[in-house]
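Tertiary structure, described
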Amino acid sequence: MKKNNFKFLFLIGFCYISAAFAQDTTGTEQQKYRGGFGIYPMPNKPMLGYRSNLNKRWAFDSKVAYVFQLSPQLTVELNAIRRHVRNDVFNFYNGIGFMLDGFTPGFTIPIGFEIKPFSKYPNIVIVTEASPKLAFSIAGGVYSTLNGNVGVLFFRPAKKSKK
């Protein structure tokens with residue numbers, strides 16, 4: 001096994017073992033939010049995203065980027081994330097997902113933080129994320145990379161039921 005693949009597998013194992021010992025710190029009832037739309041302007045590819053919820057333990061996350069370098073290239077990430085530490089200011093999560101980078105498929109493991117810096121606007125969230133990726137290329141074989149994202153998500157409040 002190559003040295004880089006061993007480091008990648010070690011990182012994945014460490015994240016899942018540490019997540020098993022994490023605790024849910026949510027002690028109060030939080031306001032419900034529907035899906036959130038986001039923009040990830042840096043560092044490597046500008047991306048647009050959607051996250052299914054803000055306060056639940058499990059969420060669906062997706063990101064899309066379109067880059068035109070030598071040829072047009074569409075990048076799509078579809079992830080299932082699990083929040084391990086949840087409170088009023090900060091969430092820590094990791095997950096697993098599928099990505100398609102141009103014609104190169106692969107798997108991604110997002111690990112990140114959701115920071116809610118504004119107490120008046122708890123639906124605005126700053127996201128910092130690192131994503132180790134394992135890709136399968138026809139020309140290059142199997143290889144791994146580490147990508148990062150910094151972005152802002154805006155969640156919509158849930159509709160109030162009429163009773």
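Everything below is about the structure shown above.
Now for a description of the structure that goes with this document.

Rules and cut-offs
Residues numbered from 1 in each chain as written. Predicted model: local features only at pLDDT ≥ 70, side-chain atom pairs only at ≥ 80, totals over all residues. Heavy atoms only, no water. Salt bridge = Lys/Arg side-chain N within 4 Å of Asp/Glu carboxyl O. Helix = DSSP H or I, 4+ residues; strand = E, 2+ residues; numbered from the N terminus. Buried < 20%, exposed > 50% of the residue type's maximum accessible area, 1.4 Å probe, protein only. Patch = residues over 30% accessible without salt bridge, like charges linked within 9 Å, V, L, I, M, F, W, Y side chains within 5 Å. Areas by Shrake-Rupley, 256 points an atom, 1.4 Å probe, with all protein chains shown as cover. Pairing = 2+ DSSP bridges.

Glancing now at the pattern of salt bridges. For side chains bearing opposite charge, pairing can occur when the charged atoms are close. In the structure shown here, the tally under the stated rule is eight salt bridges. Across the salt bridge formed by Glu 114 and Arg 51, the nearest N and O atoms sit 2.5 Å from each other. Taken as a pair, Glu 114 in strand S7 (residues 111-115) and Arg 51 in strand S2 (residues 47-51) lie far apart in primary sequence, 63 residues in all. Here Glu 114 and Arg 51 have matching classes, each one buried. Residue Arg 51 pairs with Glu 129 through a salt bridge whose shortest N-O separation is 3.8 Å. Separated by 78 residues along the polypeptide, Arg 51 in strand S2 and Glu 129 in strand S8 (residues 124-137) bring together distant segments of the chain. In the salt-bridge network here, residues are joined through shared partners; they are Arg 51, Asp 61, Lys 63, Glu 77, Arg 83, Glu 114, Glu 129 and Lys 133.

Together, Ile 39, Leu 48, Phe 113, Ile 115, Ile 126 and Val 152 line one region of the surface with nonpolar side chains, adding up to about 470 Å² of accessible area. When you line up the elements, Phe 113 lands in strand S7. In this structure Phe 113 comes out as partly exposed when scored by relative accessible area, which is 34%.

Burial along strand S6 (residues 104-108) is one-sided: the residues Thr 104, Gly 106 and Thr 108 are buried and none of Pro 105 and Phe 107 is. In the sheet, strand S5 (residues 90-101) pairs with S6 via five bridges, with the strands oriented antiparallel. Across the sheet, residue Met 99 finds its bridge partner in S6, namely Gly 106. Between S5 and the antiparallel strand that follows it, S6, lie two residues; Gly 102 among them carries a positive phi value of about 70°. Pairing of S6 with S8 involves three bridges; the strand directions are antiparallel. What sits directly across from Gly 106, in S8, is Ala 135.

Honestly, that's just the spatial picture; any functional story needs more than this.
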